[in-house]
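What follows is the residue order along each chain.
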Amino acid sequence: MLKIKVVNRGHQQLPAYATPQSAGMDLRANLEEPVTLRPLERRLIPTGLYMALPEGYEAQVRPRSGLALKHGLTVLNAPGTIDADYRGEIGVVLVNLSQQDFVVNDGERIAQLVIARCEQGELTLVEQLDETERGEGGYGHTGVK
């Protein structure tokens, strides 16, 4: 298991995997008072967590499916990327896509944190690309069925 250094300046428990095969750990809101998100409103919700990821890794902040389905709440920049050299507080940009207010309470599970390997690439300028069967076929190019 990959070891990740974390500073918890909040009052919530550290994120943990809910089951042995979970891909993500739940992030919790670290709030002094509840935050109300009105329809189409977005806010940065603090977690109180700071981390030092190993080089070659990122942490992805992703929506929680239950909040999305039941309340229309999602992570606006999903997945949000936390770079290995970032040392600031982890915040979650939540947006309310429903037609009702949503109250975010202290300790509420608001997002998932997924740790992933990532590679850096070196871009090389060329005059043309190699041909493929797909070519320039973009969104919906394979049809509906």
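Use the structure listed above.
Quick summary incoming for the structure in this document. (Residues numbered from 1 in each chain as written. Predicted model: local features only at pLDDT ≥ 70, side-chain atom pairs only at ≥ 80, totals over all residues. Heavy atoms only, no water.)

### Examining the sheet that holds strand S2 (residues 25-28)
Phase 1 of the analysis: The antiparallel open sheet is built from 4 strands, whose spatial order is S2-S11-S6-S8. Here the strands that pair on one side only, and so sit at the sheet edges, are S2 and strand S8 (80-82). Averaged over all pairs of adjacent strands, the angle between their axes in this sheet comes to 35°, without regard to strand direction.
Phase 2 of the analysis: Both strand S6 (residues 57-62) and S8 contribute to a ladder of 3 bridges, which runs antiparallel. (Pairing = 2+ DSSP bridges. Helix = DSSP H or I, 4+ residues; strand = E, 2+ residues; numbered from the N terminus. Axes fitted to C-alpha atoms, helices over the stretch in contact; angles between N-to-C directions.)

### Quick look at the pattern of salt bridges
Phase 1 of the analysis: In this structure the tally under the stated criterion is 4 salt bridges.
Phase 2 of the analysis: In this structure, aspartate 26 and arginine 109 form a salt bridge, with 3.0 Å as the shortest nitrogen-oxygen distance. Of this pair, aspartate 26 sits in strand S2 while arginine 109 sits in strand S11 (residues 109-117), placing them 83 residues apart in sequence.
Phase 3 of the analysis: We classify aspartate 26 as buried; its relative accessible area is 17%.
Phase 4 of the analysis: Of the charged contacts in the structure, one is a salt bridge between glutamate 41 and arginine 43, with a shortest N-O distance of 3.9 Å.
Phase 5 of the analysis: A relative accessible area of 25% places glutamate 41 in the partly exposed class.
Phase 6 of the analysis: A cluster of three or more residues bridged by salt bridges with shared partners is formed by Asp26, Arg64 and Arg109. (Salt bridge = Lys/Arg side-chain N within 4 Å of Asp/Glu carboxyl O. Buried < 20%, exposed > 50% of the residue type's maximum accessible area, 1.4 Å probe, protein only.)

### Concerning the sheet that holds strand S7 (residues 73-75)
Phase 1 of the analysis: On the basis of which strands lie adjacent, the open sheet formed by 3 strands has the order S4-S9-S7 and antiparallel pairing. One side of each edge strand has no neighbouring strand; the edge strands of this open sheet are strand S4 (42-46) and S7. Taking the axes of each pair of neighbouring strands and ignoring which way they run, one obtains an average angle of 35° across the sheet.
Phase 2 of the analysis: Strand direction decides the pairing type here: S4 and strand S9 (residues 91-96), joined by 5 bridges, are antiparallel. When the sheet's bridge partners are listed, arginine 43 is paired in S9 with leucine 94.

Read these as spatial facts, not as claims about activity.
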